[in-house]
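Observations on the three-dimensional arrangement
The residues making up each chain are set out below.
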There are 2 protein chains.
Amino acid sequence: MFSKTTEYALRATLYIAANSSPERKLSINEIAAAIDSPRSFTAKILQRLSANERLISSSKGPGGGFYMTEKAGKQPAKIILETMDEDALLNKCVLGLSRCSDEKPCPMHKDFKVIKADIYTLFTKTSIASLAADTHKNSFLKGARR
Amino acid sequence: MFSKTTEYALRATLYIAANSSPERKLSINEIAAAIDSPRSFTAKILQRLSANERLISSSKGPGGGFYMTEKAGKQPAKIILETMDEDALLNKCVLGLSRCSDEKPCPMHKDFKVIKADIYTLFTKTSIASLAADTHKNSFLKGARR
DNA sequence: GTAAAAAAGGATATTTTTGTCCCTTATTAT
DNA sequence: ATAATAAGGGACAAAAATATCCTTTTTTAC
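Residues numbered from 1 in each chain as written. Chains lettered and ligands numbered in written order. Predicted model: local features only at pLDDT ≥ 70, side-chain atom pairs only at ≥ 80, totals over all residues. Heavy atoms only, no water.

**Topic: the relation of the copies chain B and chain A**
Turning chain B through 180° and shifting it by 0.0 Å along the axis lays it on chain A, with an RMSD of 0.0 Å. On this basis, the relationship between the two copies can be described by a two-fold rotation axis. Minimal C-alpha separation from the rotation axis in chain B is found for Met-1 of chain B, amounting to 2.4 Å. (Least-squares fit on C-alpha atoms with pLDDT ≥ 70 in both.)

What follows is the structure, given as structure tokens:
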């Protein structure tokens, strides 16, 4: 459904949301280990995620690392997809047709319209913080097939 | 959502379903042109789709080509995904975790379980023939961004 | 001001996906 | 039989996604 890059981005963001604060920053090493992702590749992704401190923040030097503010956590999960330029998934035609639309639909347009709307709603209505809260209770972010 | 390969497979299958019969076979050239896909690559995909004549049939030589029987068309669209080994989409974890399950869920497991079930139902309940019928009425299969 | 820690960034490598080319095999019609 | 047509299949090429490595910059502590 999503690219590996986006999977890592989602896992990393949720881990950071669940385990960091401006007072408790996390290193790339800790994050990559926690979400079972390749360290250097994850570093690149974190770079993108923290590029415009609106989602994830970072600071260099000893004691530095990645973290999330409370405010950032209140945003909908969709912002993670947007930051990775992968929110296209929610708009594009399942059959790959560029001009597929309500007026000129592909054979699966109508059916998938509903499903895509559900996914859209999910990512819009669910905040990063609420997903992070769940990782404290009963869910996890580790255990990838690599 | 799907790979290009699967997009082409879906488009090609629906085109064949909508426009062929054992009496009216379609050449690779016609199919690729009709669904706006790279000719040789499409040939490979058709090879896979017709490998075990259960979905698409083919015959060589003059007058030959690809076609679908009425019986094959009655199958659910899911068989296209299965033939392309891409039905995994319907089972795998959105966050890419191999051991994600009801018992040990990722933070998005519960929400996506519903959505994946909807997609599964869609592909299971919808026959190839009914999608093909739609292409005759108001939908189309051409116009890809390439 | 030196050293250490940590992210930023650039260059490069590997793997997978997507796509092409060309030769072979099967079928049909003449 | 021969030629023409169409799919089958193998080898190869290009592009994109994934992944690694190494150097630079920033910050902190001493």
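And the narrative resumes.
**Some words on the protein's contact with DNA strand D**
If you check the shell around DNA strand D, you find 25 residues, and the closest are Thr-5, Pro-38 and Pro-62 of chain A together with Lys-44 and Ser-58 of chain B. Counting only the atoms of DNA strand D that lie within 4 Å of the protein, the sugar and phosphate share comes to 60%. Thr-5 of chain A places a polar side-chain atom, nitrogen or oxygen, 2.9 Å from a phosphate oxygen of DNA strand D. Here a base nitrogen of DNA strand D sits 3.2 Å away from a polar atom, N or O, in the side chain of Gln-47 of chain B. Those elements giving two or more residues to the surface near DNA strand D turn out to be helix 1 (4-19) and helix 3 (39-49) of chain A together with helix 3 (39-49), strand 1 (57-59) and strand 2 (65-67) of chain B. (Near = heavy atom within 4 Å. Polar contact = N/O pair within 3.5 Å; in protein donor to acceptor, adjacent residues only side chain to side chain. Helix = DSSP H or I, 4+ residues; strand = E, 2+ residues; numbered from the N terminus.)

**Remarks on the packing of aromatic side chains**
Residue and element names in this part refer to chain A. In the structure shown here, the tally under the stated rule is six aromatic pairs over all chains. Centre to centre, the rings of Phe-2 and Phe-123 are 6.0 Å apart; their planes meet at 85°, and the pair counts as edge-to-face. Here the residue Phe-2 occupies a position in the segment before helix 1, and Phe-123 occupies one in helix 6 (residues 109-125), the gap between them amounting to 121 residues. Accessibility expressed as a relative area gives 0% for Phe-123, which makes it buried. (Phe/Tyr/Trp six-rings, centres within 6.5 Å; stacked < 30°, edge-to-face > 60°. Buried < 20%, exposed > 50% of the residue type's maximum accessible area, 1.4 Å probe, protein only.)

**Details of helix 1 (residues 4-19) of chain B**
With 16 residues, helix 1 of chain B ought to run about 22 Å at 1.5 Å a step, and its terminal C-alpha atoms sit 22 Å apart, in line with that. Of all the 16 residues making up helix 1 of chain B, 13 are buried; the element is thus mostly covered by neighbouring parts of the structure. (Expected span 1.5 Å × (residues − 1).)

**Details of the protein's contact with DNA strand C**
Close to DNA strand C lie 24 residues; Lys-44 and Ser-58 of chain A together with Thr-5, Tyr-8 and Pro-62 of chain B are nearest. In DNA strand C, atoms within 4 Å of the protein come 60% from sugar and phosphate. Note that a phosphate oxygen of DNA strand C is positioned 3.1 Å from one of the backbone N or O atoms of Ile-28 of chain A. Note that a sugar or linking oxygen of DNA strand C is positioned 3.3 Å from one of the backbone N or O atoms of Gly-61 of chain A. At the level of secondary structure, the elements contributing two or more residues to the surface near DNA strand C comprise helix 3, strand 1 (57-59) and strand 2 (65-67) of chain A together with helix 1 and helix 3 of chain B. Residue classes in the surface near DNA strand C are distributed as eight nonpolar, eleven polar and five charged. (Nonpolar A, V, L, I, M, F, W, Y, C, P; charged D, E, K, R; others polar.)

**Notes on helix 2 (residues 28-35) of chain A**
Residues and elements named next belong to chain A. Along helix 2, the residues that are buried comprise Ile-28, Ile-31, Ala-32, Ala-34 and Ile-35. Across the axial projection of helix 2, the buried residues extend over an arc of 165°, all falling on one side. Turning to helix 2, the residues buried within the fold contact helix 1, helix 3 and strand 2. Of the residues flanking the end of helix 2, it is Asp-36, one or two places downstream, whose phi is positive at about 60°. (Arc of directions from axis to C-beta. Contact = heavy atoms within 4.5 Å.)

**Concerning the pattern of salt bridges**
Per the stated rule, a full pass over the model turns up twelve salt bridges over all chains. Here Arg-24 of chain A makes a salt bridge to Glu-30 of chain A, at a shortest N to O gap of 3.3 Å. Judged by relative accessible area, which is 26%, Glu-30 of chain A ranks as partly exposed. Here Arg-48 of chain B makes a salt bridge to Asp-85 of chain B, at a shortest N to O gap of 3.5 Å. Linking Arg-48 of chain B in helix 3 with Asp-85 of chain B in the loop between helix 5 (78-83) and helix 6 (109-125), this pair joins segments that are 37 residues apart in sequence. Taking relative accessible area as the criterion, Arg-48 of chain B reaches 37% and is therefore assigned partly exposed. (Salt bridge = Lys/Arg side-chain N within 4 Å of Asp/Glu carboxyl O.)

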